[in-house]
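One letter stands for each residue in the lines below.
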Amino acid sequence: MKIKTVAVIGLGAVGAVVGDQLVKVLGKNLYVVVDADRKARYIKNGIFINNEACSFNYVTPEELPVVDLIIIATKNLQIDAAIANIKNGVGENTMILSLLNGIQSEKDIEAAYGEAKTLYGFIIDLQSINLSGKITCAGKGKIVFGEKNNVRTERIQAIENLFTESGIKYLVPENIQFEMWKKFLINTVFNSLGGITRSTYGGFNFDVMKSLVRKVGYEVVEVANAEGIPLTKELLEDDIKMTCGYDPLGKCSLLQDVEAGRNTENKWFCGTICKLGKEHGIATPYCEFLGELLEGTELVRTIRK
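Residue numbers restart at each chain and count upward from 1, following the sequence in its written direction. Thresholds applied to this predicted model are a pLDDT of at least 70 for local features of residues and 80 or more for the giving and counting of side-chain atom pairs; totals over whole chains, interfaces and linings are not thresholded and use all residues. To obtain the side-chain values, all non-hydrogen atoms of the structure were used and water was disregarded.

With respect to helix α8 (residues 233-244)
Compared with the 16 Å implied by 1.5 Å per residue over twelve residues, the 17 Å span of α8 between its first and last C-alpha is a close match. Buried, partly exposed and exposed residues are distinguished by accessible area as a fraction of the type maximum, computed with a 1.4 Å probe on protein chains only: under 20%, between the cut-offs, and over 50%, respectively. For helices the rule is a DSSP run of H or I covering at least 4 residues; for strands it is a run of E covering at least 2, with both sets numbered from the N terminus onward. Listing the buried residues of α8 in full gives Leu236, Asp239, Ile240, Thr243 and Cys244. Seen along its axis, α8 keeps its buried residues to an arc of 125 degrees; they face one direction. Among the exposed residues of α8, those oriented more than 90 degrees off its buried face are Glu234 and Lys241. Residue contacts are counted whenever heavy atoms from the two residues lie within 4.5 Å of one another. The elements touched by buried residues of α8 are α6 (176-197) and α7 (207-226). What a helix is expected to span follows from its residue count: subtract one and scale by 1.5 Å. Directions pointing from the helix axis toward each C-beta atom define the arc.

As structure tokens, this is what we get:
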């Protein structure tokens, strides 16, 4: 089995960097799915990574042919539109891999196209910022992916072969859903707190911030355990040490969204924990309060425009 055609939807800091690596192997068989307005703008103005122009084959959803693999690299706010816009590209044997944060996008893809077409995944260690098509990238990241049941299938091997040829770093873990929850823990705690307190990574060295991290994180751990995911408080302590070791002036993605006046993925972080907590009869007051603060921040901003 060999992957010959790939579509990428979502040409931000994630999709452009992943697509730029794939296009060097696939050429015109790497399709970047965009709407008609974006297609015209990208063709005119270009997309640049570290000041080098990218060469992408832009197609509208209507122009997209059936492909072997579709990579969704939008944010959760655009997942419904992305799922609709890849429809023409989905054939009998098409695989769909989401790189979105959180634990919901795969369920949404399964609802639309079935479990058989859906792979589980996310990206880590990406150091990339997109400013109107001019992307600075200090680290291209690593794609973590696998089958829902963690079986090393022929199609997983085919993606490994494609990523190896493209120079994309990847990991196929023993338990993909456990790894997704580990990142989800980080996103829910540090992204949410960073966004609402406007804290860079250095701020998490303060004892009061570590206390907040634990209060929010313990709720995530309890909900994860109820879902059958063996997160632990010890893992959270490891996350604290790791985050405190980052560039003290570095910013999480949710903080970047808040500062730029964009809506955030709060609904898919704290919101998800609150929803699952209610399903399991678990109180999540810190996630609920933090989530409401972030939602309020977004709503208040709308009256200033």
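With respect to unusual backbone geometry
Non-glycine residue Asn150 carries a positive phi angle of around 70 degrees. Take Asn150: it is sitting in the loop between β9 (134-146) and α5 (154-166). Residue class for Asn150 comes out partly exposed when judged on its relative accessible area of 27%. A positive phi angle, near 60 degrees, is found at Arg198, a position not held by glycine.

Overview of the pattern of salt bridges
One speaks of a salt bridge when a side-chain nitrogen belonging to Lys or Arg is within 4 Å of a carboxyl oxygen belonging to Asp or Glu. Under the counting rule described, the total for this entry stands at 14 salt bridges. Where Lys182 meets Glu179, a salt bridge forms, and the shortest distance between an N and an O atom there is 3.4 Å. With Lys182 and Glu179 both in helix α6 and three residues apart, this pair spans about one turn of that helix. For Lys182, a relative accessible area of 28% corresponds to the partly exposed category. Among the ionic pairs, Glu259 bridges to Lys251, the shortest N-O distance being 2.9 Å. Salt bridges linked by common partners bring Lys75, Asp257 and Arg262 together as one network.

Considerations on the nonpolar core
Definition of nonpolar core: a set of buried residues of the types Ala, Val, Leu, Ile, Met, Phe, Trp, Tyr and Cys, connected through side-chain atoms within 4.5 Å. Core analysis: the biggest nonpolar cluster contains 36 residues, and Val6 and Leu22 have the highest contact counts within it. The set of elements that each furnish at least two residues to this core consists of β1 (6-9), α1 (15-26), β2 (30-33), β6 (69-72), β7 (95-98), β8 (118-131), β9 and α5. Among the elements that make up this core, the one with the highest residue count is α1 (six residues). One finds Leu231, Ile282, Cys287 and Leu294 within the second-largest nonpolar core, a separate group that totals 35 residues.

Structural notes on α6
The terminal C-alpha atoms of α6, which comprises 22 residues, lie 31 Å apart, in line with the 32 Å expected from a rise of 1.5 Å per residue. Across the 22 residues that make up α6, a large majority, 16, are buried. Any pair of N or O atoms that falls within 3.5 Å is considered a polar contact. Within protein, one atom must be able to donate a hydrogen and the other to accept it, and sequence-neighbouring residues count only if both atoms are side-chain atoms. Two to three positions downstream of the cap, the backbone nitrogen of Gln177 sits 3.2 Å from a side-chain oxygen, assigning the N-cap of α6 to Asn175.

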